[in-house]
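# Structure at a glance
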Amino acid sequence: MGKRRKSGSQISSANGGKGFDFGQPLTSFVEAGLGHLDHFAEAEVGGCSYGFVRSAEVGTAIPVVTILARHEEPLRAAMSELRSWGDGVDGDAVEMTVVFMKNGGWLLGLSPEPRRLAARTKTADLLLDPLYFAPTWIKTLDSTDPFMRRFEQYHEAMFAPFILSAAVWRGSPPDQRRPHQTQIDHLEQSLSLLKFQCTFADEDSVQPGAQAAAMLATSKRAGKPGRAKRSGGGEAPGRPDIKRIQAKREQVLASLFTVSRRRAERTGVTAGMIEQLAPLGVQRWQVDQAIANVVLSRKICGEDHYAPLESKSLKRAVVEGAFNHVEFADGDLSQFTIAPEILERQIDLDGRDLLRIFGHQPKRDGVAATLGELRRRRLIDA
């Protein structure tokens, strides 16, 4: 009978083996479409009109703000795109911002609402940390109708529905002083948006980083088109945060590898590895992550430890593989086998990947050295 290998014996991380920490930062940049900017520019928006209209959805008369433009087809295309952000039913997928200027005018900004943009684009790809860029269409209006201040007060209520609509003007450009010289033809109601949210700000009290601040900065750049971009969602690449990594890792393992982890429990794989590496202070999540990596590696490339993959292509391969990974709880445990030495090596490789994220590496090969360095760096509990 051969000797049982001691826990923590030297297991080289060479020979093509690779680890992957599912919590690592993987920033992706997502920019909403620019179509509404081009459509509004082609429509030649000249102003806005205001009033009240009866809403069938709400059952009473509510405020309406109408965008007035010269050309019908691009205006129709712009409103259609805004409606598409909320699948035609969620008007608040369009973020509307009003900035009152000190010179008596005001700015109107329309952009994708960041949280809803995230919901539309993130899908099930839990491994990516999207950084969203939402282009804002901005219209500068020279004077502020008293209606807009009353509209701001109206929005202080908890329930403040209103309609954002569009119309084509013919004849003279829209002018409150000469309304009889302008003919206004409203687009059909199906292109309007029923909204409940609108953000108001005064020029002299705008908070840095807010949507209104981006609009002001854009409007003050002479000769620049009225389009601003604001980022939201994830954070820009920077120093990694262990708490964020831990939270993301836990979410990925719980969402994508629940069945594999349960099979490892039922076949004794998890308990056996925890017992084997207990003297080295291995933690349950490390075993679970190693199980997930072994399962995914075998699915992606037919071998353990992502061995056939080049290091430069590992992240893309894992992201794509995880995105398409589906587990079926069919109760069949006969094919679920992971040898202890395979799992131990994967724990070592995964630990090295976590150290790499923070710019470190163990001085010696083997899971004992890796776990020790992780504890010394306070990347796992002591």
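Going by the structure above, here's the rest.
## Side note on the packing of aromatic side chains
Aromatic ring pairs: the centre-centre distance and the angle between the two ring planes describe each pair. Scanning the entire structure with this criterion turns up 12 aromatic pairs. Between Phe 52 and Phe 147, the ring centres sit 5.9 Å apart and the planes meet at 75°, which makes this aromatic pair edge-to-face. A residue pair is termed long-range when its members are at least 10 positions apart, and Phe 52 in strand 2 (residues 45-55) and Phe 147 in helix 4 (residues 146-154) qualify at 95 residues. Aromatic pair Phe 151 and Tyr 154: ring centres 6.4 Å apart, planes at 15°, arrangement stacked. Linking Phe 151 with Tyr 154, this pair stays in helix 4, spanning three residues, or about one helical turn. Phe 151 gets classed as buried once you look at its relative accessible area, which sits at 2%. One aromatic cluster is present, formed by Tyr 50, Phe 52, Phe 100, Trp 106, Phe 147, Phe 151, Tyr 154, Phe 162 and Phe 200 through successive ring pairs. Positioned above the aromatic ring of Phe 100, the side-chain terminus of Arg 149 is 3.8 Å from the ring centre.

## Examining the packing of helix 1 (residues 35-43) against helix 2 (residues 72-85)
Two numbers describe how helix 1 lies on helix 2: the axes approach to 7 Å, and their chain directions differ by 155°. Comparing the axis directions of helix 1 and helix 2 gives the class roughly antiparallel. Judged by the sense of rotation from one axis to the other, the crossing of helix 1 with helix 2 is left-handed. Where helix 1 abuts helix 2, its residues Gly 35, His 36, His 39, Phe 40, Glu 42 and Ala 43 lie against Pro 74, Leu 75, Ala 77, Ala 78, Met 79, Glu 81, Leu 82 and Trp 85. A class-by-class count of the residues in the contact of helix 1 with helix 2 yields nine nonpolar, three polar and two charged.

Rules behind the numbers
Residues numbered from 1 in each chain as written. Predicted model: local features only at pLDDT ≥ 70, side-chain atom pairs only at ≥ 80, totals over all residues. Heavy atoms only, no water. Phe/Tyr/Trp six-rings, centres within 6.5 Å; stacked < 30°, edge-to-face > 60°. Helix = DSSP H or I, 4+ residues; strand = E, 2+ residues; numbered from the N terminus. Buried < 20%, exposed > 50% of the residue type's maximum accessible area, 1.4 Å probe, protein only. Lys NZ or Arg CZ within 6 Å of the ring centre and 35° of its normal. Axes fitted to C-alpha atoms, helices over the stretch in contact; angles between N-to-C directions. Parallel < 35°, antiparallel > 145°, perpendicular 65-115°, else oblique. Left-handed = near helix turned anticlockwise from the far one by under 90°. Contact = heavy atoms within 4.5 Å. Nonpolar A, V, L, I, M, F, W, Y, C, P; charged D, E, K, R; others polar.

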